[in-house]
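Listed below are the residues making up each chain.
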Amino acid sequence: LGKTEFSGDRDAAGAARRLHYQTDLKRKQDFDRSSGDYDTFLASCGIGAKVLRPASDMLPRIQDIVERTNQLNTSTNRYDRKQLEALLASNQHDCFLIECSDRYGSYGYAGFLVVGKSGDEATLLDCMFSCRIQGKRIDEAIVRRLVNAYYSAGFKTFKARYKRSERNTPAARMLANAGFASPREDDALLALNAPAPLSEIPFIRVDMVHVAPTSPL
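One structure accompanies this document, and this report is about it. Since the structure is predicted, the reported quantities are computational estimates derived from the model, not experimental observations.

With that settled, consider the overall build of the protein chain. Across its full length, the protein chain holds 6 helices and 7 strands. Counting from the amino terminus, the protein chain carries its helices and strands in the arrangement α-α-β-α-α-β-β-β-α-β-α-β-β. With the C-alpha coordinates of the protein chain rotated into their principal frame, the extents come out at 50 × 50 × 35 Å. Relative to its 217 residues, the protein chain shows a buried fraction of 42%.

With that out of the way, let us pick up the environment of Asn91. Relative to the elements of secondary structure, Asn91 occurs in the loop between α4 (81–89) and β2 (93–102). What makes Asn91 exposed here is its relative accessible area of 67%.

In this structure the tally under the stated criterion is 16 salt bridges. A salt bridge links Asp39 to Arg137; the shortest N-O distance between them is 2.8 Å. Pair noted here: Asp39 is in helix α2 (residues 38–44) and Arg137 is in the loop between β4 (121–129) and α5 (138–152), with a separation of 98 residues, a long-range link. With a relative accessible area of 29%, Asp39 lands in the partly exposed category. Where Arg145 meets Glu200, a salt bridge forms, and the shortest distance between an N and an O atom there is 2.8 Å. Taken together, the residues Arg145 in helix α5 and Glu200 in the loop between β6 (187–190) and β7 (204–208) connect sequence positions 55 residues apart. By relative accessible area, Glu200 is classed as partly exposed at 33%. Because the salt bridges share partners, they merge into one network encompassing Asp39, Arg137, Glu140 and Arg144.

Okay, the side chain of Asp102 next. Mapped onto the elements of the fold, Asp102 is located in strand β2. Taking the relative accessible area as the measure of exposure, Asp102 reaches 9% and is therefore buried. In terms of polar contacts, Asp102 uses its side chain to reach the side chain of Arg27, at 2.8 Å. At 2.9 Å, the side chain of Asp102 forms a polar contact with the backbone nitrogen of Tyr104.

Moving on to the nonpolar core. Counting 47 residues, the largest nonpolar core has Leu113, Ile142 and Phe180 as the members making the most contacts within it. For this core, the leading source of residues is α5, giving 7 residues. With near-sequence residues (within four places) excluded, Leu113 lies in contact with Asp94, Cys95, Phe96, Ile98, Leu124, Asp126, Cys127, Phe129, Ile142, Val143 and Leu146. In this structure, Leu87, Cys95, Phe112 and Val114 belong to the second largest nonpolar core, which totals 12 residues.

Parameters at a glance
- Residues numbered from 1 in each chain as written.
- Predicted model: local features only at pLDDT ≥ 70, side-chain atom pairs only at ≥ 80, totals over all residues.
- Heavy atoms only, no water.
- Helix = DSSP H or I, 4+ residues; strand = E, 2+ residues; numbered from the N terminus.
- Buried < 20%, exposed > 50% of the residue type's maximum accessible area, 1.4 Å probe, protein only.
- Salt bridge = Lys/Arg side-chain N within 4 Å of Asp/Glu carboxyl O.
- Polar contact = N/O pair within 3.5 Å; in protein donor to acceptor, adjacent residues only side chain to side chain.
- Core = buried A, V, L, I, M, F, W, Y, C linked by side-chain atoms within 4.5 Å.
- Contact = heavy atoms within 4.5 Å.

Written out as C-alpha cells, the structure reads:
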C-alpha cells in the first residue's frame, strides 16, 4: 500500500474505534438511567445475532478476530490464513462467523467458532469473540443455540475445549454460564452439566442463516 492508502485505512480504523467508544458510552449512560437490573436493560436493547457460514472472502475479517481476541478465546488458538482456509474446506469441521447488532447500531462481524465432528460427537474447538460484545451475553446465547442445533441434527454429545491462559478467564465463565462444567485442568474437554436441549436467552435473537449442522456420519 502507498502512504495515502495506508493513512486512509488507519483513519478508518480510528474512526470505527471512536464510534464504538461513543456507542458503548451511550449504552452505559442509558443503563445508569434505567431502573431495572442488567438483564432487563439488555432486553430493551433489541440484541440480534446472525450465525453465518463464512465464504473465503471473509478470511481477512476472521483473521482479524483470531489475532485480536484474548479474553473471549476459549482455546487460545492462533490460525494463519492457510490454516483458516483448511478449516473452512474441512468436512470434519463446521465454521461459523457471527454478526451482531442492537438498537444502538452494528457490532459488525464479532465472533468466529469452530465445531469439530467425529461420528455422533461434536466439540466446540474454538469460540472467539470480540471484546465489543463482552458482558452482553451474546456469546452465551450463540453457544446455547449451537448446542441445541447439533443435538437436533442427531449428535449425541457436545463438548467444549477450554485451554486456560492468563487472560481468558471470561471465556471459562461464559462456558459455565452456557451450561458446561467448570474446567479443573488448564487444557480440558468440558461436558454439559445438564442434558440438552439447553434453555435459550429469550431477549437475544439468534438467527441461524442457512447453517444447519450436517447430520453425524
